[in-house]
Amino acid sequence: MKSLIIFFVAILSSLGLRGQDLSSARQELDNALLQKEHFADIKRKKIANNRNEITPRLDLKEEYSINEKLYEQYRKFYLDSAIYYINRNISIGNTLNNGYYRDRSSIQLANLYSSKGNFLESQSLLDGVTITKQPNDLKALYYEFYSQFYEHYTTNNPSEHYAKQIEVYRDSLLQVLSPDSNKYKINLAQQLMYKKEYSKARELLEKMENSSTVKDPDYAMYVYLLGDIYMREDKQEEG
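Below, the structure is looked at part by part.

**A closer look at the overall build of the chain**
No. 1: Scanning the chain from terminus to terminus reveals 12 helices and zero strands.
No. 2: Counting helices and strands in the order they occur from the N terminus, the chain gives α-α-α-α-α-α-α-α-α-α-α-α.
No. 3: Split into buried and exposed, the 239 residues of the chain put 41% on the buried side.
No. 4: Within the chain, contacts between residues at least 6 apart in sequence are counted, and of these 53% link residues at least 24 apart.
No. 5: Working note: accessible area of the chain is about 13,900 Å², and carbon and sulfur atoms make up 49% of it.

Next comes the structure, spelled out in structure tokens:
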């Protein structure tokens, strides 16, 4: 967490060079660093509470819901634990003969695998889901994670073909997301960046960043993308 916060402070400093008054945001990030152990304790207590809710007599649908919470809490920090709970949800989907549970969990597992670099297993899971007749929330998850699959893959295998695949699935994602949602706006900004329409992407992200605070879950993404845009614009000016 420390390295991430330092990175965002650096980005915020670069934004300050553009005349923006971000001292309060930097202070909030510093405070977050000081409170990192407090936040870690809160997360550990949440995980412990959720794990304690799982008992032998628990209804399978209730267990599925708790496993999803544990997956969300673990997925960015302890992939192996997230994989364990999602595999459990796949088993629950099979036991209940619930296609939605099974497909949702398979898509989530595919994302965990691609994050680990297990690309063959990830793609096999994604290709095993028939997405055309699924509800929009499952389509959104599928398109988002297939786009992320190619993001993870191109990190180790740079290719314009795979970079284009990221945008193919991002475009499909935008078709099923609500235009009012933050996820839609973030993905739209990334699409604009891919098209090198940096001013449009910057305008969109600056509006979102200015109407949020450091505590908002998407704030770090706004700042990261803005920093990326500013660096790309600077390179264009130098060129």
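**So, the nonpolar core**
No. 1: With 36 residues, the main nonpolar core has Ile107, Leu126, Tyr142, Tyr143 and Tyr146 as its most contacted residues.
No. 2: Only helix 4 (60-74), helix 5 (79-95), helix 6 (99-116), helix 7 (119-127), helix 8 (136-156) and helix 9 (160-176) provide two or more residues apiece to this core.
No. 3: It is helix 8 that contributes the most residues to this core, nine residues altogether.
No. 4: In contact with Ile107, not counting residues within four places along its chain, are Leu126, Val129, Ile131, Leu138, Leu141, Tyr142 and Phe145.
No. 5: One finds Met193, Tyr198, Leu204 and Met208 within the second-largest nonpolar core, a separate group that totals 14 residues.

**Quick word on the packing of aromatic side chains**
No. 1: What the rule picks out here adds up to 16 aromatic pairs.
No. 2: Ring centres of Tyr64 and Tyr101 lie 3.7 Å apart, and the angle between their planes is 5°; on these two criteria the pair is classed as stacked. Here the residue Tyr64 occupies a position in helix 4, and Tyr101 occupies one in helix 6, the gap between them amounting to 37 residues. The same class applies to Tyr64 as to Tyr101, namely buried.
No. 3: Ring centres of Tyr74 and Tyr85 lie 6.0 Å apart, and the angle between their planes is 5°; this geometry places the pair in the stacked category. A residue pair is termed long-range when its members are at least 10 positions apart, and Tyr74 in helix 4 and Tyr85 in helix 5 qualify at 11 residues.
No. 4: For Tyr74, a relative accessible area of 7% corresponds to the buried category.
No. 5: Residue Tyr85 is classed as buried on the basis of its relative accessible area of 9%.
No. 6: Pairwise contacts between aromatic rings join Phe119, Tyr142, Tyr143, Tyr146, Phe149, Tyr150, Tyr153, Tyr162 and Tyr169 into one cluster.

**Things to note about the environment of Leu125**
No. 1: Looking at the element boundaries, Leu125 is found in helix 7.
No. 2: In this structure the C-alpha to C-alpha distance between Leu125 and Ser106, which are 19 residues apart in sequence, comes to 6.0 Å.
No. 3: Ignoring sequence-local partners within four residues, the contact set of Leu125 consists of Ser106, Leu109, Ala110 and Tyr113.

**Notes on helix 10 (residues 182-194)**
No. 1: Here helix 10 contains 13 residues, and its C-alpha end-to-end distance of 18 Å stays within 8% of the 18 Å for a straight helix at 1.5 Å per residue.
No. 2: Residues of helix 10 that are buried include every one of Tyr184, Ile186, Asn187, Ala189, Gln190, Gln191, Leu192 and Met193, and no others.
No. 3: Downstream of helix 10 by one or two residues, Lys196 has phi in the positive range, about 65°.

The rules behind the values
Residues numbered from 1 in each chain as written. Predicted model: local features only at pLDDT ≥ 70, side-chain atom pairs only at ≥ 80, totals over all residues. Heavy atoms only, no water. Helix = DSSP H or I, 4+ residues; strand = E, 2+ residues; numbered from the N terminus. Buried < 20%, exposed > 50% of the residue type's maximum accessible area, 1.4 Å probe, protein only. Contact = heavy atoms within 4.5 Å. Areas by Shrake-Rupley, 256 points an atom, 1.4 Å probe, with all protein chains shown as cover. Core = buried A, V, L, I, M, F, W, Y, C linked by side-chain atoms within 4.5 Å. Phe/Tyr/Trp six-rings, centres within 6.5 Å; stacked < 30°, edge-to-face > 60°. Expected span 1.5 Å × (residues − 1).

Function cannot be inferred from these measures alone, as they are strictly geometric.
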